[in-house]
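This is what each chain is made of:
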Amino acid sequence: MSDGDAQADDTTPGGDTEQSVRDRIWAVASASDIRLIAVTLLAIYAIFLFLGIVGGLDANGLYSSLERVTFFAAVYALVVLALNLQWGYAGLFNIGIAGFMAIGLYSMHILTVQIGLAYPIGALGAVLITSLFGALVALPALRLRADYLAIVTLAFAEIVRSILGSQRFAEFTFAGFDIGFGGATGPDGTLPDPVKFFLYKHPYSLRPEPNAFGEFYFGLFDLFIIDDSTAEGILYALFLSLFVGLYYFLLVRTGNSPFGRVLKAIREDETVAKALGKDTRKFKITAFALGSALMGLAAILWYTKRGGVTPTNFEPEVTFFVFVALIIGGAGSNTGSVIGGIVFGALLFRGPVFIERIINQRLEAEADPTTIFDAFGGIDPFIVYTTDNLSALRVVLLGVVLVILIQRRPEGLLGKRKEIASSIDLEDRTGGEN
Amino acid sequence: MVEQSQDHWLGSRLQTDPLTAGFVVIGVLFFLDLLRRLATGTVRPDTVATFLWSGIVFGMAIGLAGIGLAMTYSILQFANFAHGDLITAGAFAGWSSTFVIVGFGNIAMEILLLVGQPARISSQLGISVTTAPLAIVVGFIVSVLFAAGLAVGLDRVVFRPMRDQSGISLLIASVGVALALRHLIQFIYQPSTPSVVHDPEVPRQAIPVGSGSFTIDAHQVTLVVVALGLMIGVHLLLQYTKLGTAMRAMADNEDLAKITGISTERVVLYTWLIGGGLTGAAGYLLALEQGFLDLTLGWDILLVIFAGVILGGIGSIYGAIVGGLTIGIVSQLSIVWLPSEFTTVAAFVIMIAVLLVRPNGIFGGVTSV
Amino acid sequence: MTTTATEQDTASAEESRTATGESTGDPILQVRNLQKRFGGVVAVDGVGFEVEQGTVTGLIGPNGAGKSTTFDLITGVQNADGGQVIFDGTDITGRRPEQIANRGLVRTFQIARELSEMTVLENVMLAPPNQLGESLWRSVLPGFRGGVSEQEAELREEAWETLEFFAIDHLAGEYAGNLSGGQRKLLEMARVFMTDPDMILLDEPLAGVNPTLEEKLLDRIHELQSEGYTFLLVEHDMNVVMNHCDPVVVMHQGKRLMQGAPEEVRQDERVLEAYLGGEVEQ
Ligand SMILES: Nc1ncnc2c1ncn2[C@@H]1O[C@H](COP(=O)(O)OP(=O)(O)O)[C@@H](O)[C@H]1O
Ligand SMILES: [Mg+2]
């Protein structure tokens, strides 16, 4: 299945388009990479279901935990895919991811909540603003070595965070609009949750009443004893998954093309790319701006579920988590990026929280150990102390995983993968196409 | 990319390129503006003196911490993002010891070891450099030793197996170390910011400036004096010992170091020992000066330290000292023009500007020690 | 005269090439008084020479004479401290490498610079200039990709033919990093040929290449020469230089020592001395 066929369709209008569409869907679904992603996801669901059942969760609890897992798997997959374009393909070592995410989300807040634009228009505007910032950072940073670029991008992200959290810019007037970043606690006003628009008549009334689709949808989930808020979460997770699909489609096409080929060449040896006549600056700026824009959009999709916005959501750790996820999956591979996002978001990020919940449900500890010395008083206090402090231990684990991966398996879980940068199958000379 | 040629130190200093000239012009303009503000009375002299003094104190700490970072940058060729958390680890270990010494017998051992967690006991202990000098000296030494040992240990486990890998791989590994280290400290000490000194006990002296005055306290003086002493020590070591020669040689060229007869791995070992030790010292002194410990004590200033190191010409130890001092002073003085919440922003902006226009640094242009 | 100053259009270059065929006596490349220092080392010290259109000019000299650095300066990979490079009537001094390459002046590197984590085919397919799919929107937006893959299918055929010619077609799907030293050199040459150049600078292209292939390569170079391509060849094997290059430029200590027909070079005392001196130094 190919775009060559798409071309053929274009030139013979009214041809067997339906056939071709069905073929195309089938081809995508049967592609081994998609299967790989699906199998990973199912395996992770199985693990969580098993633990949940062992831990005694009810049906609603199980669904809701799967919903959370899907949510984090999806949001991480989105950011990781964006980073893969910059670092995996073009070798641009951007550790200012959190900054670009913050710019995207704050722009969204200003455009929708503060200025009053509709969700899709606000999102589009926010993405454009983020890509401009991406280009702005890329422009001078082009000449820098990878480690200097890292320092510059991290400093950029920290500058962004200080400005967003500062009292000075909590409220100001810009181009006639009274806007503001809201200081340390973030701007007032809840971001619109796009999924609510599908389900409710007036999503932001005090007691929103479901619309026709909402009635049907909630009714459906009632059959499986799933409450409305979990059902809503599931729809959001599906909405996110749709975007993962879109990102994947977009980035696979970007990577598997002459454009992607030049990016790879820049990563491998920029001097060679230049000596072969490629204006590498143009490619680097484009890749950086596109990647940043996708990071901004990912942040929007991530936090519109939550509604609130604060600068603390964009500490440098966010960036490093994304790096861990990409390295797990394997930098340079889009499929690996999705799998890395899933494995990281579900197992490493969400997994410990899930286990903490289950253990806390089981162990109603007598006295809460407050220091590490209390914890050594026995098995139970130790477990309780550990689970209480799981958020810290989780990051210790992430750090260790990162070190081990980079030492032993820098190519990621999937190993070296050949994702050939071309729109056609180069090895099949007779004309078979990708 | 083809390597940029490394200008000779003197040569590049004398070189007058437009970019450096631009920096100088901007600096002079700010200085003139400062004078203007002083003359017109928009800024009081004692305010400037306060900023200047706190800039010197902060800058000495940054410069001291920067030596280790510059050493690993030049000798192991990577940007060590775990450096900040090494500062934190050293500070926590040192202050645990100080607390144990001061409070031994009166307060439960585990509370002392955790620097008074969960209860706050700093006022009970009443620590300051004059009330508990011995405990502070011991704590300081523990910080140095602990951070040095930790640095060597981390090198053994994490960095040594990766000697042949790229600087970026090492950088990523160091990020992993940073994450793990900081949260391990959090796991042990819990997230909070325990006070370590008892403020009323700290001797202070007001120094008159113009019609007003500014205050210096004993802990600030301690920091400046000890940091200065250590910097001089490093200078003597580099210039007058065989090890120092080997280190300087290795920063330039690995093969060259072999001529001195000291093996590469030995030089690396001492790099971590000395760099790590100085880092621990900086951490302990910073906590002494600011009066409390913080899980992000080191991480929060890591980029500022990078800024100093970059300003001084990455990998140059003397550059790191001068760069750190400059960044410290400039970031504090920036309060004259900017809201005080933007001091680090000012430091970062300078750093980015230096990286973009003159990646060899403005004080050096050497990549050697 | 075969070209004009504004000439950048590959099609017209093609025509002019086939029209002229043999050497015309016009210098396609003029190098004047190039300078390059690395700290205390003067790598290139005022070298100057001309290369005539349609020749295979040899550039020889002992190790460290500054040949590779001269290539770097000509192709913009490094900036000269002084001097001038004129290609095809245009002053290209200080131009960026990609601009120079797009004018039809390309080079290979002495130590082959393969793109190791890309396959041999990807390496070769990178080279053709101005590919449609190098613009992001054409590659991504539905409805435009057809043209991209069509062009890629054409280039694929060309790429395979080039690989066949260089006898590395059996490695097409390999990562370039897995190739042997000689194979990498061949890949590099295949890559520059795919850029459709007018003039090619080859830095020791035969090092590590087996003798049969070496013969074939040299034949191919002459074949292309007769089509109007120009070559500047750095080579250590004197037999190759004497039999295949004319004229020959000799460099020594960053300067041009002499220039002439292979016979003259062979009999020149200074050349012998330079080489002997170089030998002794090592
Ligand atoms: N990047 C560089 N830095 C420092 N010295 C260099 C560099 N490149 C080349 N040189 C020096 O310049 C001189 C010329 O080198 P080169 O051009 O490679 O000679 P050739 O190709 O004729 O053997 C040599 O002395 C070499 O050591
Ligand atoms: Mg050479």
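Quick note: structure is the one above.
Residues numbered from 1 in each chain as written. Chains lettered and ligands numbered in written order. Predicted model: local features only at pLDDT ≥ 70, side-chain atom pairs only at ≥ 80, totals over all residues. Heavy atoms only, no water.

> Mind showing me how you'd approach the interface of chain C and chain A here?
Taken together, the contacts link 49 residues of chain C with 47 residues of chain A. For the pair chain C and chain A, the summed buried area comes to about 4200 Å², and 58% of that belongs to carbon and sulfur atoms. Seen at the junction of chain C and chain A, the total is six salt bridges. Between Lys 264 of chain A and Glu 122 of chain C there is a salt bridge, with the nearest N and O atoms lying 2.9 Å from each other. The interface formed by chain C and chain A holds 25 residue pairs in polar contact (both at pLDDT 80 or more) in total. With 13 residues, the top contributor of residues to the side of chain C that touches chain A is helix H6 (residues 145-165) of chain C. Here the residues of the side of chain C that touches chain A are counted per class, giving 22 nonpolar, twelve polar and 15 charged. (Contact = heavy atoms within 4.5 Å. Buried area = accessible area lost by both parts, 1.4 Å probe. Salt bridge = Lys/Arg side-chain N within 4 Å of Asp/Glu carboxyl O. Polar contact = N/O pair within 3.5 Å; in protein donor to acceptor, adjacent residues only side chain to side chain. Helix = DSSP H or I, 4+ residues; strand = E, 2+ residues; numbered from the N terminus. Nonpolar A, V, L, I, M, F, W, Y, C, P; charged D, E, K, R; others polar.)

> How should the site of ligand 1 be read in this particular structure?
Residues and elements named next belong to chain C. Close contacts around ligand 1 come from Phe 38, Val 41, Ala 43, Asn 63, Gly 64, Ala 65, Gly 66, Lys 67, Ser 68, Thr 69 and Gln 110, and that covers them all. The separation between an oxygen atom of ligand 1 and a polar main-chain atom of Gly 66 is 2.9 Å. Ser 68 has a polar side-chain atom sitting 2.8 Å from an oxygen atom of ligand 1. Protein contact buries 64% of the 560 Å² of open area that ligand 1 shows by itself. Per-element tally for the shell around ligand 1: the top contributor is helix H2 (residues 67-74), with three residues. Taken together, the residues of the shell around ligand 1 sort by class into four nonpolar, six polar and one charged. (Near = heavy atom within 4 Å. Areas by Shrake-Rupley, 256 points an atom, 1.4 Å probe, with all protein chains shown as cover.)

> How should the pattern of salt bridges be read in this particular structure?
Where charged atoms from two side chains of opposite charge come close, those side chains can pair. Scanning all chains against the criterion turns up 33 salt bridges over all chains. Between Arg 429 of chain A and Glu 157 of chain C there is a salt bridge, with the nearest N and O atoms lying 2.8 Å from each other. Of the two residues, Arg 429 of chain A is situated in the segment after helix H17 (390-408) and Glu 157 of chain C in helix H6; the pairing between them involves two chains. The exposure class of Arg 429 of chain A is partly exposed, given its relative accessible area of 28%. Of the charged contacts, one joins Arg 270 of chain C and Asp 268 of chain C as a salt bridge, the two residues approaching to 3.0 Å between their closest N and O atoms. Given the relative accessible area of 44%, Arg 270 of chain C is considered partly exposed. (Buried < 20%, exposed > 50% of the residue type's maximum accessible area, 1.4 Å probe, protein only.)

> Is there a simple way to think about the coordination of the magnesium ion (ligand 2) in this case?
Octahedral metals with six donors have ideal donor angles of 90 or 180 degrees. Tetrahedral metals with four donors have an ideal donor angle of 109.5 degrees. All names here are of chain C. Around the magnesium ion (ligand 2), the protein contributes the donor atoms Ser 68 (OG) and Gln 110 (OE1), which lie 2.1 Å from the metal centre. One end of the pair, Ser 68, is in helix H2; the other, Gln 110, is in the loop between strand E6 (105-107) and helix H4 (120-126), with 42 residues separating them in the sequence. A relative accessible area of 22% places Ser 68 in the partly exposed class. (Donors = N, O, S within 2.8 Å, 3.2 Å for Na, K, Ca; no water.)

> Help me out: how do you make sense of the sheet that holds strand E1 (residues 27-38) of chain C in this one?
By definition, the strands of a sheet pair up through backbone hydrogen bonds, in either a parallel or an antiparallel sense. Residue and element names in this part refer to chain C. The strand order E2-E1-E4-E5 describes an open sheet built from four strands, whose pairing is antiparallel. In this open sheet, the two strands that pair with only one neighbour each are strand E2 (41-52) and strand E5 (90-91). Where E1 meets E2, nine bridges bridge the pair, whose relative direction is antiparallel. In the sheet register, Leu 29 faces E2, and the bridge partner there is Val 51. Against the sheet, H2 makes contact with E1, E2 and strand E4 (82-87), and its axis sits at roughly 115° relative to E1, the strand it touches most. (Pairing = 2+ DSSP bridges. Axes fitted to C-alpha atoms, helices over the stretch in contact; angles between N-to-C directions.)

> Just checking my understanding: could you explain the sheet that holds strand E9 (residues 248-252) of chain C for this structure?
Residue and element names in this part refer to chain C. Within the open sheet, the six strands sit side by side as E6-E7-E8-E3-E9-E10. Their pairing is mixed. What marks the edges here is a single partner per strand, and that holds for E6 and strand E10 (255-260). If you compare each strand with its neighbour and ignore which way they point, the axes differ by 20° on average. Relative to strand E7 (residues 199-203), E6 is paired through three bridges, and the arrangement is parallel. Residue pairing in the sheet places Arg 107 in a bridge with Leu 201 of E7.

> Explain the side chain of Thr 108 of chain C to me, please; I cannot follow it from the model alone.
All names here are of chain C. Examined against the element boundaries, Thr 108 turns out to sit in the loop between E6 and H4. Looking at Thr 108, its side chain comes within polar contact range of the main-chain nitrogen of Asp 203, at 3.1 Å. Setting aside its immediate chain neighbours within four residues, Thr 108 contacts Phe 71, Glu 188, Met 189, Val 192, Leu 201, Leu 202 and Asp 203.

> I'm lost on the packing of helix H4 (residues 83-103) of chain B against helix H13 (residues 297-311) of chain B in this one. Help?
Any two packed helices are characterised by how steeply their axes cross, that is the angle between the axes, and by the distance between the axes. Residue and element names in this part refer to chain B. Packing of H4 against H13 leaves a shortest axis separation of 7 Å and a crossing angle of 140°. Judged by the angle between their axes, H4 and H13 are oblique. Relative to H13, the crossing made by H4 is right-handed. Note on element contacts: H13 touches H4 through Leu 297, Gly 298, Trp 299, Ile 301, Leu 302 and Ile 305, opposite His 83, Gly 84, Asp 85, Ile 87, Thr 88 and Ala 91. (Parallel < 35°, antiparallel > 145°, perpendicular 65-115°, else oblique. Left-handed = near helix turned anticlockwise from the far one by under 90°.)

> Help me understand the packing of helix H7 (residues 133-159) of chain B against helix H8 (residues 167-189) of chain B in this model?
Residues and elements named next belong to chain B. Direction vectors running N to C along H7 and H8 enclose 125°, while the axes themselves pass 11 Å from each other. Taken together, the axes of H7 and H8 are oblique relative to one another. As for the relative orientation of H7 and H8, their crossing is right-handed in sense. Residues Leu 150, Leu 154, Val 158 and Phe 159 of H7 touch H8, and the partners they reach there are Leu 170, Ala 173, Ser 174, Val 177 and Leu 181. For the contact of H7 with H8, a count of residues per class yields eight nonpolar, one polar and no charged.

> Explanation requested: helix H3 (residues 45-76) of chain B in the structure shown.
For the α-helix, the turn length of 3.6 residues means that residues three or four positions removed from each other point alike. Residues and elements named next belong to chain B. Here H3 contains 32 residues, and its C-alpha end-to-end distance of 45 Å stays within 8% of the 46 Å for a straight helix at 1.5 Å per residue. The axis of H3 is deflected most strongly, by about 30°, at Gly 66. Burial runs high along H3: 26 of the 32 residues are buried. Looking one or two places after H3, you find Gln 77, whose phi comes out positive at around 65°. (Expected span 1.5 Å × (residues − 1). Bend = angle between axes of the 7 residues up to and from the residue.)

> Sorry, what's going on with the nonpolar core here?
Soluble globular proteins tend to pack their nonpolar side chains together in the buried interior. Core analysis: the biggest nonpolar cluster contains 305 residues, and Phe 344 of chain A together with Phe 81, Trp 95 and Phe 306 of chain B have the highest contact counts within it. Ranked by residue count, the leading element in this core is helix H4 (residues 59-89) of chain A, at 19 residues. In this structure, this core is formed jointly by two domains, domain 1 (1-110 + 198-282) and domain 2 (112-194) of chain C, each of which donates at least three residues. Setting aside residues no more than four positions away along its own chain, Phe 344 of chain A makes contact with Tyr 76, Phe 321, Val 324, Ala 325, Ile 328, Phe 349 and Leu 398 of chain A. (Core = buried A, V, L, I, M, F, W, Y, C linked by side-chain atoms within 4.5 Å. Domains from an automatic or database assignment.)

> How should I be thinking about unusual backbone geometry in this particular structure?
A negative phi holds for most residues other than glycine; trans holds for most peptide bonds. Residue and element names in this part refer to chain C. With omega at 0°, the peptide bond leading from Asp 246 into Pro 247 counts as cis. Here the phi dihedral of Asn 130 falls at roughly 50°; this positive angle occurs in a residue that is not glycine. Along the chain, Asn 130 turns up in the loop between H4 and helix H5 (136-140). Positive phi, close to 60°, is recorded for Ala 167, a residue that is not glycine.

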